2 protein chains.
Amino acid sequence: MAKTKLRIIPLGGLSEIGKNMMLLECGDDILVIDAGLMFPAEEMLGIDLVIPDISYLVENRHKVRGIVITHGHEDHIGALPYVLPQLKVPIYATKLTLGLIRVKLKEGKALSEAKLKEVSPGEQVTLGKFRFEFFPVCHSIPDAVGLIIHTPAGVVVHSGDFKLDYTPVSGKPTDLSRLAQLGAQGVLLLLSDSTYAELPGYTPSERVVGEVLDHVMADAPGRLIVTTFASLVSRIQQVIDAAAKHGRRVFIIGRSMSDTARMALELGYLHAPDGILGRIDEAKRLPPNKVVFITTGSQGEPTSALVRMANRDHRQVHIQPGDTIVISATPIPGNEGVVNRTVDNLFKQGAQVLYDKVAQVHVHGHGSQEELKLLLNLVKPKFFMPIHGEYRHLSLHAKLAQSMGVPKENIFVLEDGDILEIGPRLARIAGRVSSGNVYVDGLSVGDIGGVVLRNRRMLSKDGIVVAIIAVNRQTGKLVGRPDIVTRGFVDTRKFKDMIEESRDLLARTLDHSGARAVEWSFINAKVRDTLDKFYYERTKRRPMILPFMVKV
Amino acid sequence: MAKTKLRIIPLGGLSEIGKNMMLLECGDDILVIDAGLMFPAEEMLGIDLVIPDISYLVENRHKVRGIVITHGHEDHIGALPYVLPQLKVPIYATKLTLGLIRVKLKEGKALSEAKLKEVSPGEQVTLGKFRFEFFPVCHSIPDAVGLIIHTPAGVVVHSGDFKLDYTPVSGKPTDLSRLAQLGAQGVLLLLSDSTYAELPGYTPSERVVGEVLDHVMADAPGRLIVTTFASLVSRIQQVIDAAAKHGRRVFIIGRSMSDTARMALELGYLHAPDGILGRIDEAKRLPPNKVVFITTGSQGEPTSALVRMANRDHRQVHIQPGDTIVISATPIPGNEGVVNRTVDNLFKQGAQVLYDKVAQVHVHGHGSQEELKLLLNLVKPKFFMPIHGEYRHLSLHAKLAQSMGVPKENIFVLEDGDILEIGPRLARIAGRVSSGNVYVDGLSVGDIGGVVLRNRRMLSKDGIVVAIIAVNRQTGKLVGRPDIVTRGFVDTRKFKDMIEESRDLLARTLDHSGARAVEWSFINAKVRDTLDKFYYERTKRRPMILPFMVKV
């Protein structure tokens, strides 16, 4: 590989939302960007979380110079506790992002060995053949950045997760001037966030929510309960600001919300007037229209404070008519059902509930089509690669770029593991590396594969039938009637007769097979076939059948 | 109960979308409205479908005069094959609805005994103390109706599933004049569709989609593949109309789509110019820009034609660059994931895909807030009860009514099973009847309850461990080492040592317990505790543990 050839390899976050991770490789140097996790899809039964396959990085460990993190969301930092012990390289990020990484690594018992390097926007860092700097972007967490990476092949711009907000509540607007300047000088490659490539127009400013919160604070006859993402510090700020304006005090409920708020206050990312924040037991002594709770539970998490309140199961806060609840978030895909049920349960208790469908109580953190186009217009990249999205988002983002004059052959829609190789003049997809989903289930990383999941799926559908067959050690003849135990198959009381019948059937079938019954593989197959057929005829269900032979 | 007292009891469709069913009771007469099914929620593992609990109707079978069906969607007719054999009463519906019911009953082997009565809008039918007539409404299926029911207590108006479309493609607009006339005479109770009570404004007319289809037909460089609900006959009509205009031929793919189209053509609900419809093998001989396929798969159903195409698994249609696919539907809640994956897979094959987020290729069939208000304004009911929606929809619809001047105490937000009792002057919630979800799994209706589902859920998370313990019949002592078989718990090759260790541990533990080991309940508990603790420490997983003792 020529010294100036640059390889870009996404290991996660393309074609599938979440577990963002990619690498830039040039000669003997590899720079890793982000190390996120993904929450398991519905069909990944019992899995706790999903991280990227980093076998390519482990094989090339000696080349890896560092991991650069764009912001502190789970889908960008969540895999660090699993990845870091295998790579043992420094992590580069902004101040708040490092604060969140520290919490994450501590939970994962990987903090002690970590080398964490704080980098401010504008500051330049050289790692092997790469020199990078951060530029501030607006996103639904403070201190988010994009990357400008100087490589021997040219300049690469990585948008991070971004929207354009000219009036952000926390932090600075996206630094468009710096990008325009780079664009004028010549950018080799733009990697840009595709999450909302489906949406026409502009994503509204965070301020819009502030105005709505202001009205709600003024109008709500009683207590106000606001839920949002714990990391959405600017939203918390806006709730505090509106509360201050309307003479309400603010009480923060839920561990993750309290932890983040505390850290954000300490690090100077959150500001609260003296005496506005209170301890929850103080709330009872205030008139309802002087109280605001900020709480976890925006995603309908079963153990969160809001869900407990909705289920009349929270020790301190009992929903009462006159309460107004603001769900200042949208459900992450897959969570719609639990969030809807939470809203329903709050309504059932007589509360007023404001959520995204009925009021503008949330704006999201990714740019819509006009913002994506503006970035392309300023950066003017030679090559373009949409990142951070499912395949349709990437495709639509590619089409946007094409509509703006980027030649089709200069646009690369990759999938995880694809290698994009860029020389000074030419770019092409040049093979693949190992990539995919690594499942974390309990303590174990990566042991769960297709067989275990297939079995869980089968068990989840029609349950299991265990058949225990006692066979005489000498004669190989069946002893007594086979025993049958079921779980998750049928109501065993109502189907007692059917189970008994199947035991008789099995006894007859095995008796007929006579002497050959000692051959386990034969019995095994016979038992499976017999029971499968019998139960399917009777119930149209297909439980997993697990025969077991005991020699007596 | 006084003779003129009217009782309204929803058995399904309130608080939870789907399985719509309600009854009106007056003296010795019961009238049933709709008998729908619901598709199982994610947590209902292995369940095929869900129907309402009709034990109240079965107990009062002698009173039930008939079942009136508002339209032919599954959530209004799907429970008929299960309900009808238990009630044996006539079914009243419009022509196309009866056609769909016939298909449904035939599938469920319940057609032969069914008494099906065709009723045209305007025609009056007397059943006991009830006299009802249909009025046409617009919905996403032709021949949908609402109900005007004359009862001894007064007139009840049931909206059916409706939107207001002044330019419908199939059928007539909602008959607002008849409703205004009734409103002027006095309506006791309005029962009205709440599905889209969250949406401000008006739902667009079906014609809007026709215009978009017209543009797409003109612009698409190659073949066009349109998918929609099989029952959305007006959409199929619009595809045929646009195809005719642009000189394309239409090929219908997928069993349910072909069946419905054939019936709709025969009954006169669908019109196709001569020669426009073709057999799929004829499509190959036409230039791509003369071809339109209409296919099933709008919900990402795994065996549907479109999903097979997306997975390169359809025998006759292979997606090629230049193809344009129109997903003319929105995903039903819960189907978002599979629909998105289908769209992604179509993009991966180089097709252009138009779906609800990027083009107006679908409008839905329920009225938005302004339509709901218009109905309330015309009907001017004394009492109001929102129906057809989850609790938040019902609550928001109730608020709409309140904002229009219906007194709060005259509005009733019920849940399934609640009894609304209306006298000439007063209405109140007067107790509950048995209601809830009855699960259909394979051949069996209602045997699956909490225990089976709980077991399936447990099995789906961390699998199962079966421990077989051989005990000497005389001494009660353990014989050999216990055997252990697992499914869905761990990768058995990687965890071989752990499994062996757990066998040893179990042997030691049971040996120590000595003579008491014959007591099965004791061994059972001991084995569960020991293994649960051991496995949780090692893996942080909690498989179901199923001990089994064999006496030898």
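Here, the structure is the one placed above.
Residues numbered from 1 in each chain as written. Chains lettered and ligands numbered in written order. Predicted model: local features only at pLDDT ≥ 70, side-chain atom pairs only at ≥ 80, totals over all residues. Heavy atoms only, no water.

1. Overview of the environment of K496 of chain B
Residue and element names in this part refer to chain B.
Working step 1: With respect to the secondary-structure elements, K496 resides in helix α15 (residues 496–513).
Working step 2: Overall, the relative accessible area of 54% leaves K496 in the exposed class.
Working step 3: K496 sits 144 residues away from Q352 along the chain, and the two C-alpha atoms are 50 Å apart. (Helix = DSSP H or I, 4+ residues; strand = E, 2+ residues; numbered from the N terminus. Buried < 20%, exposed > 50% of the residue type's maximum accessible area, 1.4 Å probe, protein only.)

2. What about the relation of the copies chain B and chain A?
One copy of the chain maps onto the other through a rotation about an axis plus a displacement along that axis.
Working step 1: The transformation that overlays chain B on chain A combines an axial shift of 0.0 Å with a rotation of 180 degrees, and the residual RMSD is 0.1 Å. Viewed as a symmetry operation, the transformation between the two copies matches a two-fold axis. Residues of chain B ranked by C-alpha distance from the rotation axis are headed by S460 of chain B, positioned 2.3 Å from it.
Working step 2: Taken together, the interface assignments show that 100% of the residues at the interface of chain B recur at the interface of chain A, consistent with an identical surface on both copies. (Least-squares fit on C-alpha atoms with pLDDT ≥ 70 in both. Contact = heavy atoms within 4.5 Å.)

3. Here's the deal with the sheet that holds strand β10 (residues 130–136) of chain A
Pairing between the strands of a sheet comes from backbone hydrogen bonds, and it takes one of two forms, parallel or antiparallel.
Residues and elements named next belong to chain A.
Working step 1: Taken in spatial order, the 6 strands line up as β9-β10-β11-β12-β13-β20 in an open sheet, and their pairing is mixed. The open sheet has two edge strands, β9 (124–127) and β20 (381–387), and neither has a second partner. Taking each pair of neighbouring strands and ignoring which way they run, the sheet shows an average axis angle of 20 degrees.
Working step 2: Of the pairings in the sheet, the one linking strand β13 (residues 187–193) to β20 comprises 6 bridges and is parallel in character. Each residue of the ladder has a partner; that of S192, found in β20, is P386.
Working step 3: Sitting on the sheet, helix α12 (residues 369–379) touches β12 (154–158), β13 and β20, and the angle it makes with β13 is about 170 degrees.
Working step 4: Where helix α13 (residues 391–403) meets the sheet, its contacts fall on β13 and β20, and the angle it forms with β20 comes to roughly 155 degrees. (Pairing = 2+ DSSP bridges. Axes fitted to C-alpha atoms, helices over the stretch in contact; angles between N-to-C directions.)

4. Examining the interface of chain B and chain A
Working step 1: Of the residues lining the interface, 61 residues belong to chain B; the matching set on chain A comes to 61 residues.
Working step 2: The tally of links between chain B and chain A comes to 14 salt bridges.
Working step 3: With 7 residues, the top contributor of residues to the side of chain B that touches chain A is helix α14 (residues 450–462) of chain B.
Working step 4: For the side of chain B that touches chain A, the class distribution of residues is 23 nonpolar, 13 polar and 25 charged. (Salt bridge = Lys/Arg side-chain N within 4 Å of Asp/Glu carboxyl O. Nonpolar A, V, L, I, M, F, W, Y, C, P; charged D, E, K, R; others polar.)

5. Describing the packing of aromatic side chains
All names here are of chain A.
Working step 1: Overall, the coordinates contain 12 aromatic pairs over all chains when judged by the stated rule.
Working step 2: Each ring, one from F132 and one from F134, has its centre 5.5 Å from the other, and the planes form 45 degrees; the classification is tilted.
Working step 3: Note on F132: relative accessible area 0%, which makes it buried.
Working step 4: Ring pairs connect the aromatic residues Y92, F132 and F134, which therefore count as one cluster.
Working step 5: One residue, R542, lies across the ring of Y536, its end atom 3.9 Å from the ring centre. (Phe/Tyr/Trp six-rings, centres within 6.5 Å; stacked < 30°, edge-to-face > 60°. Lys NZ or Arg CZ within 6 Å of the ring centre and 35° of its normal.)

6. Here's the deal with the packing of helix α3 (residues 80–87) of chain A against helix α4 (residues 95–107) of chain A
All names here are of chain A.
Working step 1: Where α3 contacts α4, the two axes come as close as 9 Å, and the packing angle between them is 80 degrees. One way to sum up the angle between α3 and α4 is to call them roughly perpendicular. Of the residues in α4, those in contact with L80, P81 and L84 of α3 are I101, K104 and L105.
Working step 2: When grouped by side-chain class, the residues that make up the contact of α3 with α4 number 5 nonpolar, no polar and 1 charged. (Parallel < 35°, antiparallel > 145°, perpendicular 65-115°, else oblique.)

7. A word on the packing of α12 of chain A against α13 of chain A
Residues and elements named next belong to chain A.
Working step 1: Running from N to C, α12 and α13 cross one another at 55 degrees; their axes reach a closest spacing of 10 Å. Relative to α13, α12 is oriented oblique. For the pair α12 and α13, the crossing hand works out as right-handed. Of α13, the residues touching α12 (which contributes Q369, L372, K373 and L376) are H397, L400 and A401.
Working step 2: In the contact of α12 with α13, the residues fall into 4 nonpolar, 2 polar and 1 charged. (Left-handed = near helix turned anticlockwise from the far one by under 90°.)

8. Quick notes on the pattern of salt bridges
Working step 1: All chains considered together, the criterion is met by 77 salt bridges over all chains.
Working step 2: For R541 of chain B, the salt bridge is made with D441 of chain A, and the minimal N-O distance between the two is 3.1 Å. Placement of R541 of chain B in the loop between α16 (520–539) and β28 (544–551) and of D441 of chain A in strand β24 (residues 437–441) is noted, with the two residues assigned to different chains.
Working step 3: Given the relative accessible area of 1%, D441 of chain A is considered buried.
Working step 4: In this structure, K373 of chain B engages E370 of chain B in a salt bridge whose closest nitrogen and oxygen atoms are separated by 3.1 Å. Of this pair, K373 of chain B and E370 of chain B both sit in helix α12 (residues 369–379), separated by 3 residues, roughly a single helical turn.
Working step 5: On the basis of relative accessibility, which here comes to 27%, the residue E370 of chain B falls in the partly exposed class.
Working step 6: If you follow the salt bridges from partner to partner, you end up with E198, E390 and R392 of chain A together with D344 and K357 of chain B in one network.

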